[in-house]
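# Secondary and tertiary structure notes
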Amino acid sequence: MIRLPYYPGCAVQTTARNYSISGVAIAEKLGIELVELPKWNCCGVFPFLANDDIMRHLAPIRNLIHVQEMNEKGIVQNENRVVTFCSMCYHTLKEANLFLKDPEKKEKTDIFFEREKEFVGGVKEGYKGGVEALDFLEVLKDIVGYDKIAEEVKKPLKGLKVAPYYGCLVLRPREIGIDDPENPTILENILEALGAEVIDNPNRIQCCGSYHTVDRRDIVAELTYDNLIYPVRSGAEVIVTCCPLCTFNLDFRQKDAGKLHRDLQEIPVMYYTQLMAIALGLDKQFYGVDLGLHYVDPKPLLEAKNLY
Amino acid sequence: MSQEKKEETKKVQIYIMGREYQVPAGLTIMKAMEYAGYRFVRSCGCRGGFCGACATVYRVKGDYKLRMALACQETVEDGMYISQIPFTPAEKPIYDLEKLGPSANVFLQYYPEIAKCVSCNTCTKACPQDLEVMDYVQAALRGDFEEVASLSFDCISCGLCAVRCPTELVPYNIALLARRLYGKYVMPKAKHVEERIKEIESGKFNEELQKLMEASVDDLKEVYETREIEPE
Amino acid sequence: MNLAEKVRSISGEDVLSCYQCGLCSGSCPVRFAMDLSPTQVVRLVQVGNIEKIFESNTFWICSTCFSCYARCPRKINITKIMEALRQIRLRRDQDKIALSDIPKEELKILPPIALVSNFRKTTA
Ligand code: SF4
Ligand code: SF4
Ligand code: FES
C-alpha cells in the first residue's frame, strides 16, 4: 500500500460524492491508500489571476501547508504529494506553487502567515514549498500504470461505447496540464484498459461553460449541446468525465440544451472512477449511481449491458 | 491630583470614542466606561462573557493592529482607543427547521454568500471567543453541519467576525443554522426534559406556581435568598 | 496609474507583443456570446482605450478556460487580462450578479465549486 495525502475538496463531498466514493475505493483496490488531510479548506476553485492581491491566493497555499503538517505529525512519512479527484482543485493547488515561484510573492505570503501565527486557528508554520499536487489521473497513469489496471479488470466493459471528456483545467495551461493540452490520451488509455469501446469526441477539450452555469445558463446550454452532439451522433452511450463542474454542466444542463436543440438525445454522464469501480468488480455501493446525483440515470444503460 | 498621592490605584489613560479619560487600571473596558460616566443602554447584557452584546474594537497606541474584544471581559490598557459596536447589520433569512432537512447544500441555499469565503482567516483573528471561525465557515461550504456545530459551539453572536470579513459573510448566523440542524437531526433527545415537560403539562407544578404568583415581594425575596443552589 | 497601466500591472502581462493574429478569438468557446472579441480587447489594452472595453460584456463572458493562452503564439496570458479587467470593476464594489437572483431550487443542486468560482469572478 502506498499512502498518499488526499485533498477531497467541497464538490466530491457534496454534489459529486459518486466521484469520491468510487475513486477512494478503486484507489484502495489498486494499492493506494488516500489519507484525507486532517484539516482543509476550499481551494478557491480557480487560481486567482491577479498579481497584486495576496489574500485571494491564500486558500490553496493553506492546504499545501496542511500536507506539510501531516508529515511533521507523522501521519505520512516523507510524502510531499497530495492527490485530488476534482480537476479544479488539482489545477488550483498546482498553480499555487507556480505563483510562489516569484520570490516577492513568496515573501509576502510568508509574512502573512508569520503574522497569523499569534492567533488561534492559524497555521503553525508558513509554507516551505515543494508539496506537489497530483490529479488522480496522474496517479493511475504514473504510479499504478495502465497494465496493472487492465490486469485487475474483473468485468470488462465490453461493448460499452464511451466518449471521454476532459474539459479545461486538467489540461490548460500547459505548465499545469497533466497531458498534451491539444491531444490528451489518459482517459482513452484507461477506458481501453477497462475494455470499453472509446468513441471520439472532437470537443473533449472544450470548455463546459464552467461557472456561467450560475447566472448564464443560456451560454452553458449552447456549450453542452456542442460538447455532446458529436459523440451522441457517433453512437456514444455514456460520456466519461473527470471534473465535477463539467459533469454537472454536461449532465444537468442537458435539460436546457435539449430545449434549445431538439435533436439532442439524453445521454448519461459518469466519472471514470465509477466505470472503474464497475470494471474492477467492486461492490455496487461503490458505483455511486444510487445516490440521486445523476440527472440522466445511468442505470438502465448499465443494466442493458449487464454491468449492474 | 490622585497620582500625586500614593500609587495605590494606578490609573491608565484610555480614549473612549476619541475622548481621553483616566481610569483605574485593572478594570474591564465596560467598567472603565462606566467609571468614565457612560451609562449603557446598549452594548451590555450579561456582563459575564456570554451574551455577546458588548463587541468592542480598539487599538493601543503605538500598535497598528486593530483588536477585537468583549468589553465585559477585556481589561483596559494604557493608551487604548476604544469604540463599541452596538449592533451588526446582518442577513438573517427565514427558514423552517422542520422542512429543511440536513442536506449537503442547506447552507448554500440560505447563505449562498459563504461561497465567497477566500480563507483569509480574518474572522478567526477577530473572534473574542478564540473560535476557528474560518474552519467552520469552510465546513459549512461543504455541508458538514456537525463540524460547524462543534467548532462554533462557544459562539456568542457578538458579530465581530461579520464586521471584519472582507467578503461580507455573516459567519455566526450560518453557525446558528448548523447548531439548529444539529439539535434537530443529530443530538439525542434529552429524556429527562421530555419527562419534565410531561410533568409540567400534567399540572404537577401549578399549585406551587400559583403560590409564588400570589406571594408578596418580601416573601419572594425570602424564598429567593433561602433557595437551594445545586452544588457545582 | 491610468487604466491601461493598471490592467498591465494587475495581470502582469505585456500586451504590446500581440500582433493581432486572432488565434485567441478563434479558440474562445464563448466568443458567440461576447460583443468584443478577445483579440479586440487586447488591441484596446494596447492603445489604452479601456473605457471601450468596459462598455462590452467580453471580460464577464470569459469563462477562464485558458484556450486563448494555450494557443497564443506570443504567449500572452489573455485569461489574466480578463481577470484584471473584472477586478478593476469589482474593486469599485460593483457586483456583476445579485446573489438573491439565484433561485433556491438551483442553489439546492449547484455544486459548491460553481458558486465559489462564479462569485470569485462576479462579486466584489
Ligand atoms: S464566531 Fe463571530 S459572532 Fe461568534 S463569538 Fe466569534 S466573532 Fe463573535
Ligand atoms: S473573514 Fe470571511 S472570507 Fe475570511 S476566512 Fe472568514 S468567512 Fe472566509
Ligand atoms: S455583556 Fe454579555 S458578553 Fe459582554
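Residues numbered from 1 in each chain as written. Chains lettered and ligands numbered in written order. Predicted model: local features only at pLDDT ≥ 70, side-chain atom pairs only at ≥ 80, totals over all residues. Heavy atoms only, no water.

## Here's the deal with the interface of chain B and chain A
To keep things clear, this is the line we draw: Two residues qualify as a contact provided that any one of their heavy atoms is within 4.5 Å of a heavy atom in the partner residue. Two parts placed together each lose some accessible area under a 1.4 Å probe, and the buried area is that loss summed for both. Should a side-chain nitrogen of Lys or Arg be within 4 Å of a carboxyl oxygen of Asp or Glu, the pair is scored as a salt bridge. Secondary structure counts use DSSP, requiring at least four H or I residues in a row for a helix and at least two E residues in a row for a strand, with both numbered from the N terminus.
Each side of the interface is counted separately: chain B has 20 residues, and chain A has 21 residues. Together, V118, K125 and R142 of chain B form the three largest contributors to the area buried by chain B at its contact with chain A, with a combined 32%. The interface formed by chain B and chain A contains two salt bridges. For K39 of chain A, the salt bridge goes to E132 of chain B, with nearest N and O atoms at 3.4 Å. Looking at the side of chain B that touches chain A, the elements that each hand over two or more residues are helix 4 (122–126) and helix 5 (133–141) of chain B.

## Description of a nonpolar patch on the surface
Residue and element names in this part refer to chain B. So the rule is basically this: To count toward a patch, a residue needs a relative accessible area above 30% and no salt bridge. Like charges then connect within 9 Å, nonpolar side chains (Val, Leu, Ile, Met, Phe, Trp, Tyr) within 5 Å. Note on areas: Shrake-Rupley with a 1.4 Å probe; residue coverage comes only from the protein chains shown.
Taken together, L209, L212, M213, L220 and V223 make up a surface patch of nonpolar side chains, about 470 Å² in accessible area. Taken together, the elements giving at least two residues each to the nonpolar patch come down to helix 10 (206–214) and helix 11 (217–225). Here the nonpolar patch gets three residues from one element, more than from any other, and that element is helix 10. Relative to the helices and strands, V223 is located in helix 11.

## Let's talk about the nonpolar core
To be explicit about the condition: Here, nonpolar core refers to any group of buried Ala, Val, Leu, Ile, Met, Phe, Trp, Tyr and Cys residues whose side-chain atoms link them within 4.5 Å. Exposure classes here rest on a 1.4 Å probe applied to the protein chains alone. A residue is buried below 20% of its type maximum, exposed above 50%, and partly exposed in between.
One finds L194, Y272 and L275 of chain A together with F107 and I114 of chain B to be the most contacted residues of the largest nonpolar core, which totals 160 residues. The element that contributes the greatest number of residues to this core is helix 5 of chain B, accounting for seven residues. Those residues in contact with L194 of chain A that lie beyond four places of it in its chain are I149, V153, P156, L157, L275, M276 and A279 of chain A.

## Structural notes on the sheet that holds strand 5 (residues 161–164) of chain A
Residue and element names in this part refer to chain A. The cut-off we apply is this: When DSSP finds two or more bridges between a pair of strands, those strands are recorded as paired. Note on definitions: angles span 0 to 180 degrees between N-to-C directions of axes, and those axes are lines fitted to C-alpha atoms, for helices only across the stretch in contact.
With parallel pairing, four strands are arranged side by side in an open sheet as 6-5-7-8. Each of the sheet's edge strands pairs with one partner strand only, and the pair in question is strand 6 (197–198) and strand 8 (269–271). Docked against the sheet, helix 10 (residues 244–252) engages strand 7 (238–241) and strand 8, running at close to 165° with respect to strand 8.

## Observations concerning the confidence of the model for chain B
Note: predicted coordinates in regions of low pLDDT should not be interpreted at a detailed level. To keep it simple, the criterion reads: Every residue is assigned a pLDDT by the predictor, reflecting its confidence on a scale from 0 to 100.
Summary statistics for chain B give a mean pLDDT of 92 and a share of 96% for residues scoring 70 or more. Here the predicted complex scores 0.91 on pTM and 0.95 on ipTM.

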